[in-house]
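One-letter residues, chain by chain:
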Amino acid sequence: MSDLTTDRLVLRSWPAGDVAAVVAGESGLPHWAEDFPAEGDRVIAGFIAEHPGTLGPYGQRQIIERATGLVVGAVGLFPPSDGTIEFGYGIVPSRRGRGYASEAAHAIAAFALTAPDIHTVGAKVELSNPASARVLEKAGLTRVSADAELALFQATAPLPEPSPQSRPSTQPAPQ
């Protein structure tokens, strides 16, 4: 599977060793940010361990900060339903506030819309987390519905142009 590369990030499939390390409760590997894995990363690693097929091109990826080469979060797609594919994301606390979540969300959403038979990409956020809603808006998604707890954001092809910092690139990522 090829990496997705933006100006500041690389979205790369989870290596099997990282999945095993996170599931085993390890921390402090040299290629991880000091606060990786966060709770959401542990959940995703467990999901991957139970469903290894989610590491395909339209599956789960780590978010790697290009400047340091460190894993700073995760983003991933979940199995589609009726032409719609959902994604989730998370950035470790030490890297929040830098626009990484919006950059990763835009890249994965734009990529998801290239999948066969997919016409809509979406994500759900808790209403108690307005920062996450702003991430999705910055990534080009629009709020389409909400209930008492969750809001649904979606985009259809083509996804609106992102800001220059979140534009995906087809150039190989530095190693």
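In what follows, the structure referred to is the one given above.
Note on numbering: residues in each chain are counted from 1, in written sequence order. Only residues with pLDDT of at least 70 are given local features in this predicted model, and only at 80 or more are side-chain atom pairs given and counted; all residues enter the totals for whole chains, interfaces and linings. Hydrogen atoms and water are omitted, and side-chain values are computed over all heavy atoms in the structure.

## Section: the sheet that holds strand E6 (residues 120-126)
Strands belonging to one sheet form pairs held by backbone hydrogen bonds; the direction of such a pair is parallel or antiparallel.
Piece 1. Spatially, 8 strands are ordered E1-E2-E3-E4-E5-E6-E8-E7 in an open sheet, and the strand pairing comes out mixed. Only two strands of the sheet have a single neighbouring strand rather than two, namely strand E1 (4-5) and strand E7 (142-146).
Piece 2. Being paired, for any two strands, means DSSP has found at least two bridges between them. Helical segments are the DSSP runs of H or I of at least four residues, strand segments are the runs of E of at least two, and each set is numbered from the N terminus. Where E6 and strand E8 (residues 150-156) come together, 7 bridges link them in antiparallel fashion. From the neighbouring strand, Gly 122 faces E8, where its bridge partner is Gln 154.
Piece 3. Contacting E1, strand E2 (9-13), strand E3 (60-65), strand E4 (70-81), strand E5 (84-91) and E6, helix H3 (residues 100-112) crosses the sheet at an angle of about 160° to E5. The contact criterion used is simple: two residues touch if any of their non-hydrogen atoms lie within 4.5 Å. In this description, a line fitted to the C-alpha atoms serves as the axis of each element, helices being fitted only across the stretch in contact, and the angle between N-to-C directions of two axes falls anywhere from 0 to 180 degrees.

## Some points on the packing of H3 against helix H4 (residues 130-138)
Piece 1. Axis separation between H3 and H4 bottoms out at 8 Å; the angle between their running directions is 50°. In terms of their interaxial angle, H3 and H4 are classed as oblique. Here H3 and H4 pass one another in a crossing that is right-handed. Of the residues in H4, those in contact with Ala 101, Ser 102 and Ala 105 of H3 are Arg 134, Val 135 and Lys 138.
Piece 2. Each residue gets one label: Ala, Val, Leu, Ile, Met, Phe, Trp, Tyr, Cys and Pro are nonpolar, Asp, Glu, Lys and Arg are charged, and the others, such as Gly, are polar. Of the residues that constitute the contact of H3 with H4, the class distribution is 3 nonpolar, 1 polar and 2 charged. Should an angle lie under 35 degrees it is considered roughly parallel, over 145 roughly antiparallel, and from 65 to 115 roughly perpendicular; all remaining angles are considered oblique. In a left-handed crossing the near helix is turned counterclockwise from the far helix by less than a right angle, and in a right-handed crossing that turn is clockwise.

## Description of the pattern of salt bridges
Piece 1. Salt bridge, as used here: a side-chain nitrogen of Lys or Arg that lies within 4 Å of a carboxyl oxygen of Asp or Glu. The final tally for this structure, using the stated rule, is 6 salt bridges.
Piece 2. Across the salt bridge formed by Asp 3 and Arg 12, the nearest N and O atoms sit 3.0 Å from each other.
Piece 3. Throughout, exposure labels follow a simple rule: accessible area from a 1.4 Å probe, protein chains only, divided by the maximum for the residue type, with under 20% read as buried, over 50% as exposed, and the rest as partly exposed. Residue classification places Arg 12 among the partly exposed residues on the basis of a relative accessible area of 22%.
Piece 4. Between Arg 42 and Glu 39 there is a salt bridge, with its nearest N and O atoms 3.6 Å apart. Residue Arg 42 and its partner Glu 39 are both found in helix H2 (residues 39-50); the two are separated by 3 residues, about one turn of the helix.
Piece 5. A residue is classified by how much of its surface remains accessible, and Glu 39, at 54% relative accessible area, is exposed.
Piece 6. A single salt-bridge network, built from bridges that share partners, covers Glu 34, Glu 65, Arg 95 and Arg 98.

## As for the pairing of E6
Piece 1. Counting buried residues along E6, 5 of its 7 residues qualify, which places the element largely inside the surrounding structure.
Piece 2. Note: E5 against E6, 3 bridges, orientation parallel. In the strand pairing of E6, Ile 85 is matched with Val 121.
Piece 3. Seen with its strands pointing away from the viewer, a crossover is right-handed when the path leading from the first strand over the helix to the second is clockwise. The parallel pair E5 and E6 is bridged by H3, and the resulting crossover is right-handed.

## Looking at the packing of aromatic side chains
Piece 1. The criterion for an aromatic pair is that two Phe, Tyr or Trp rings (for Trp, the six-membered ring) have centres within 6.5 Å, with stacked assigned to planes under 30 degrees apart, edge-to-face to planes over 60 apart and tilted to the rest. One pass over the structure, following the stated rule, counts 5 aromatic pairs.
Piece 2. Ring geometry for Phe 47 and Phe 78: centres 5.6 Å apart, planes at 65°, overall edge-to-face. Residue Phe 47 is located in helix H2, and its partner Phe 78 is located in strand E4; the two are separated by 31 residues in the primary sequence.
Piece 3. Overall, the relative accessible area of 24% leaves Phe 78 in the partly exposed class.
Piece 4. Arranged with centres 6.1 Å apart and planes meeting at 35°, the rings of Phe 87 and Tyr 89 form a pair that is tilted.

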